Structures are given as structure tokens and as C-alpha cells.
Amino acid sequence: MLTLLVCLAFAGAAVYAAYRDQKLGAAIVVGLTVVTVFLLLMEKGPSLAVPQMVAPPTPTTTAPPAQPSPSAP
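These numbers were taken from a predicted model, which means no experiment stands behind them.

What counts as what
- Residues numbered from 1 in each chain as written.
- Predicted model: local features only at pLDDT ≥ 70, side-chain atom pairs only at ≥ 80, totals over all residues.
- Heavy atoms only, no water.
- Helix = DSSP H or I, 4+ residues; strand = E, 2+ residues; numbered from the N terminus.
- Areas by Shrake-Rupley, 256 points an atom, 1.4 Å probe, with all protein chains shown as cover.
- Expected span 1.5 Å × (residues − 1).
- Polar contact = N/O pair within 3.5 Å; in protein donor to acceptor, adjacent residues only side chain to side chain.
- Patch = residues over 30% accessible without salt bridge, like charges linked within 9 Å, V, L, I, M, F, W, Y side chains within 5 Å.
- Salt bridge = Lys/Arg side-chain N within 4 Å of Asp/Glu carboxyl O.
- Buried < 20%, exposed > 50% of the residue type's maximum accessible area, 1.4 Å probe, protein only.
- Axes fitted to C-alpha atoms, helices over the stretch in contact; angles between N-to-C directions.
- Parallel < 35°, antiparallel > 145°, perpendicular 65-115°, else oblique.
- Left-handed = near helix turned anticlockwise from the far one by under 90°.
- Contact = heavy atoms within 4.5 Å.

Draft legend 1. A look at the overall build of the chain. The secondary structure content of the chain amounts to two helices and zero strands. Of the roughly 7300 Å² that the chain leaves accessible, carbon and sulfur atoms contribute 72%.

Below, the structure written as C-alpha cells:
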């Protein structure tokens, strides 16, 4: 709840600053866009940001069962 209140306070200050100065407003929009994209990427997990190499599975071979050798009479 505290995080929400702080974010709303910053948002209100940003809206007021953008209303007073158009150049500052454009900078605020760019900054908010970058932060939003960063947070969305971090929410999905760091594994998506850096691709990891996965080793191919090793085939398993099974030996055929041993056949009994015919004994010589």
C-alpha cells in the first residue's frame, strides 16, 4: 500500500511538471516508458534476457540381451 501511495505521489508530481513544461513532459514520458519495459522484462525472469545454451540430450543405447552360447558336446 505504501508503494502505491509513493508511486501516485510521483505520478502526480510528474503530471504537474509535464503540464508546466512541455520539454520536461517529453523526457518524463521517455523515462517512464524505459522503466516500464525494464520492469516487464524483469517480471518474466532474467532467463529470457540472456539466452542459455542447452546441451542436446545424449542418446541411451541398450545392449541386446546376451545369448547363451551353445556348449560343445
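Draft legend 2. Structural view of helix 2 (residues 22-44). Across its 23 residues, helix 2 extends 34 Å between first and last C-alpha, which sits within 8% of the 33 Å expected from 1.5 Å per residue. The N-terminus of helix 2 is capped by D21, whose side-chain oxygen sits 3.4 Å from the backbone nitrogen of K23.

Draft legend 3. Just a nonpolar patch on the surface, in detail. Taken together, the side chains of M1, L4, L5 and L8 present a nonpolar region at the surface, about 470 Å² in accessible area. Checked against the element boundaries, L4 lands in helix 1 (residues 2-20). On the basis of relative accessible area, L4 is assigned to the partly exposed category, the value being 48%.

Draft legend 4. Highlighting the packing of helix 1 against helix 2. Packing of helix 1 against helix 2 brings their axes to within 5 Å, and their N-to-C directions diverge by 140°. Judged by the angle between their axes, helix 1 and helix 2 are oblique. Crossing handedness for the pair helix 1 and helix 2: left-handed. Residue-level contacts link A14, A17, A18 and R20 of helix 1 to Q22, L24, G25 and I28 of helix 2.

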